[in-house]
Amino acid sequence: MRKKVTAVAFAFAAAMALTGCSWSDVTEKFIGTQTAESQIVSGGSVEVEPYSPEECITLGEYKGLEIQHSVSDEDVQKEIDTLLSQHISYKKIKTGTAAQGMDVNIDYSGKIDGKKFDRGSAEDQMIEVGDSGFIDGFDDGVAGMKVGETKDLDLQFPDDYQLNPSLAGKKVVFTVKLNYIAEEKKPEFNDKFVAANTDYKTVAEYKENTKKSLEERNKANGGVSAFSKVIENSKVVNMPATLKEAEKKQISTYTENQIKAYGMDMDSYLANIGMTKQDYESQLDAYAEDNALMLMVLEAIAARENITCTEEERQKALDETLAQAGIEEKDYRAQYTSFYGDAFSFEEFLRQSVLYDKVVAFIEENAVIK
């Protein structure tokens, strides 16, 4: 059956599939956490041409999938390792020589033509030698310094320096003092540590409750995980160009609005994360294809199983969200637009969200629980 689909960008659905969030989790993300005025709306509508999801993809098996509820000792250990990593401390080593890969503490002062410049100096800064984020040559200059030593580094800002274009191409002298080498100290996982840093008193109690919590999480996320498997096993036969463009438009709008909300422009953001415009466009293109595939998988399963979203169901979901968040519909609509722009209608956003929950529930009902 052919029908015209006005696609909502599934950036939020991708997040649900990857993190196990529910529809209510997603709505909570931008209700009450940001105001419409905090974002800058951009973009524009893209008309998605009619397409048949089942003709555009080879749909992966979605019935009889195995869902794992059990938790292994390795799963519990990962939680322990994460907890320990959050309580790492550092011992100050007052002797020795800095080397690549070491964590060190430094003071530095940058000068151009003998004058300090804005944000070019700092004290008591922890860096990892070789991965500090400073301009080329800085880390190589720190490597080999002895604790207590002060050294001048004659460097030059890149010609395409984006974090502060006024510094691009200029020669700079950084005076660096190596205060100490930081030796990582990972705490021992014992009853004392557990009692001091968790809600439990012993290691045994922590492991038991962590295992239960992970099992509950697996049960809650079973359908979402299974849906992710369906997507992984589905293949694109023919990617509708306008659908991909619509997804790309909305993801781009969302990303740009988030960057602007942090007071940055795209060039500065890309420079900060070490990504070129070409890299960004390539990644944006890949995300758009992933989201388009996700949408087509959703629509294809819904079509096969006669899963629909009625006006009553859409309104019920909206009412529940508004009541839960304590927000009026007009503000909710404004916040949706402030995040995603106006490429896709708010009504379609609701319809696809409800349909997502119903399809995921269907997959879970027809899964094999392990």
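Once a new chain begins, its residue numbering starts again from 1 and follows that chain's sequence as written. Thresholds applied to this predicted model are a pLDDT of at least 70 for local features of residues and 80 or more for the giving and counting of side-chain atom pairs; totals over whole chains, interfaces and linings are not thresholded and use all residues. Processing note: side-chain calculations cover all non-hydrogen atoms of the structure and skip hydrogens and water entirely.

Trainee: Got a minute to help me understand the overall build of the protein in this structure?
Mentor: Summing up its helical and strand segments, the protein has 14 helices and nine strands in all. Counting every position in the protein, which comprises 370 residues, the buried fraction comes to 42%. Counting only contacts in the protein whose residues sit at least 6 apart along the sequence, the fraction spanning at least 24 positions is 78%. Surface exposure of the protein reaches about 20,100 Å², of which carbon and sulfur atoms provide 46%. Elements are defined by DSSP. Helices are runs of H or I of four residues or more, strands are runs of E of two residues or more, and each kind is numbered from the N terminus. Only protein chains enter the accessibility calculation, which uses a 1.4 Å probe. A residue is then buried if its area is under 20% of the maximum for its type, exposed if over 50%, and partly exposed in between. Note on contacts: a residue pair qualifies if any of its non-hydrogen atoms lie within 4.5 Å across the two residues. All accessibility values rest on the Shrake-Rupley procedure with a 1.4 Å probe; residue burial counts only the protein chains present in the view.

Trainee: Explain the packing of aromatic side chains here, please?
Mentor: Note on aromatic pairs: each is described by the distance of the centres and the angle between the planes. Pairs were defined over the aromatic rings of Phe, Tyr and Trp, the Trp ring being its six-membered one, requiring ring centres within 6.5 Å. Orientation was assigned from the angle between planes: stacked under 30 degrees, edge-to-face over 60, tilted for the rest. Under the criterion given, the structure shown has 22 aromatic pairs. Aromatic side chains Phe 227 and Tyr 356 sit 5.5 Å apart centroid to centroid with 85° between the ring planes, which places their arrangement in the edge-to-face category. Placement of Phe 227 in helix 8 (residues 222–232) and of Tyr 356 in helix 14 (residues 346–365) is noted, with a sequence separation of 129 residues between them. Comparing Phe 227 with Tyr 356, the two get one shared label, buried. Arranged with centres 5.3 Å apart and planes meeting at 20°, the rings of Tyr 254 and Tyr 340 form a pair that is stacked. Separated by 86 residues along the polypeptide, Tyr 254 in helix 9 (residues 241–261) and Tyr 340 in helix 13 (residues 329–340) bring together distant segments of the chain. Owing to a relative accessible area of 17%, Tyr 254 belongs among the buried residues under this scheme. Ring pairing ties together the aromatic residues Tyr 108, Phe 117, Phe 134, Phe 138, Phe 157, Tyr 161 and Phe 174, which thus form one cluster.

Trainee: What's the story with the pairing of strand 4 (residues 103–112) in this structure? I'm lost.
Mentor: For a regular strand, side chains alternate in direction, first toward one face of the sheet and then toward the other. The element strand 4 is extensively covered by neighbouring structure, given that seven of its 10 residues are classed as buried. Strand pairing follows a simple DSSP-based rule, namely that at least 2 bridges must link the two strands. Sheet topology note: the strand 4/strand 5 (residues 115–128) ladder contains eight bridges and is antiparallel. Within strand 5, the residue paired with Ser 109 across the bridge is Ser 121. Once strand 4 ends, the chain turns through two residues before running back antiparallel as strand 5, passing Asp 113 with a positive phi of about 55°.

Trainee: What am I meant to see in unusual backbone geometry here?
Mentor: The bulk of non-glycine residues show a negative phi, and the bulk of peptide bonds are trans. Non-glycine residue Asp 113 carries a positive phi angle of around 55°. Looking at the element boundaries, Asp 113 is found in the loop between strand 4 and strand 5. Asp 113 sits in the exposed class, given a relative accessible area of 76%. The phi dihedral of Arg 119 is positive, around 60°, even though this residue is not glycine. According to the relative accessible area criterion, Arg 119 is exposed, its value standing at 69%.

Trainee: Explain the packing of helix 8 against helix 11 (residues 277–304) to me, please; I cannot follow it from the model alone.
Mentor: What describes two packed helices is the angle between their axes and the distance between those same axes. Every axis corresponds to a line fitted to the C-alpha atoms, with the helix fit spanning only the stretch in contact, and the corresponding angles, defined between N-to-C directions, vary from 0 to 180 degrees. Orientation of helix 8 relative to helix 11, taken along the N-to-C sense of each, is 105°, at an axis distance of 10 Å. For the element pair helix 8 / helix 11, the angle class is roughly perpendicular. Across the interface between the two elements, Phe 227, Val 230 and Ile 231 of helix 8 pack against Leu 293, Met 294, Val 297, Leu 298 and Ile 301 of helix 11. Amino acids outside the nonpolar list (Ala, Val, Leu, Ile, Met, Phe, Trp, Tyr, Cys, Pro) and the charged list (Asp, Glu, Lys, Arg) are all regarded as polar, and Gly is one of them. A class-by-class count of the residues in the contact of helix 8 with helix 11 yields eight nonpolar, no polar and no charged. Should an angle fall under 35 degrees it is taken as roughly parallel, and over 145 as roughly antiparallel, whereas 65 to 115 is taken as roughly perpendicular and any remaining angle as oblique.

Trainee: Can you help me understand the nonpolar core in this one?
Mentor: It is characteristic of soluble globular proteins that their nonpolar side chains tend to be buried jointly. The criterion is simple. A nonpolar core is a set of buried Ala, Val, Leu, Ile, Met, Phe, Trp, Tyr and Cys residues joined through side-chain atoms within 4.5 Å. Counting residues in hydrophobic clusters, the biggest one holds 46 residues, and the most contacted among them are Leu 59, Phe 227, Val 230, Val 297, Ile 301, Val 359 and Ile 363. The set of elements that each furnish at least two residues to this core consists of helix 8, helix 9, helix 11, helix 12 (311–325), helix 13 and helix 14. Sorting elements by how many residues they give to this core places helix 11 first, with 10 residues. Counting residues in hydrophobic clusters, the runner-up holds 24 residues, among them Ile 112, Ile 127, Phe 138 and Phe 174.

Trainee: Help me understand the side chain of Lys 244 in this model?
Mentor: Within the secondary structure, Lys 244 is located in helix 9. Under this definition, polar contacts are N or O atom pairs within 3.5 Å; protein pairs additionally need one hydrogen-donor-capable and one acceptor-capable atom, and for neighbouring residues in sequence, both atoms have to be side-chain atoms. Separated by 2.8 Å, the side chains of Lys 244 and Glu 289 make a polar contact. Those residues in contact with Lys 244, other than ones at most four positions away along the chain, are Met 239, Asp 285, Ala 288 and Glu 289.

Trainee: I tried to follow the pattern of salt bridges on my own but got confused; where do I start?
Mentor: Oppositely charged side chains can pair when the atoms bearing their charge come close. For this document, the term salt bridge refers to a Lys or Arg side-chain nitrogen within 4 Å of an Asp or Glu carboxyl oxygen. Tallied over the full model, the rule gives 17 salt bridges. Between Lys 248 and Glu 281 there is a salt bridge, with the nearest N and O atoms lying 3.7 Å from each other. Here the residue Lys 248 occupies a position in helix 9, and Glu 281 occupies one in helix 11, the gap between them amounting to 33 residues. On the basis of relative accessible area, Glu 281 is assigned to the partly exposed category, the value being 39%. Residues Glu 313 and Lys 358 are paired through a salt bridge, measuring 3.0 Å at the closest nitrogen-oxygen approach. Here Lys 358 lies in helix 14 and Glu 313 lies in helix 12, a separation of 45 residues in the sequence. Residue Lys 358 is classed as partly exposed on the basis of its relative accessible area of 28%. Connected via shared salt-bridge partners are Lys 244, Lys 248, Glu 281, Asp 285 and Glu 289.

In short, shape yes, function no, at least from these values alone.
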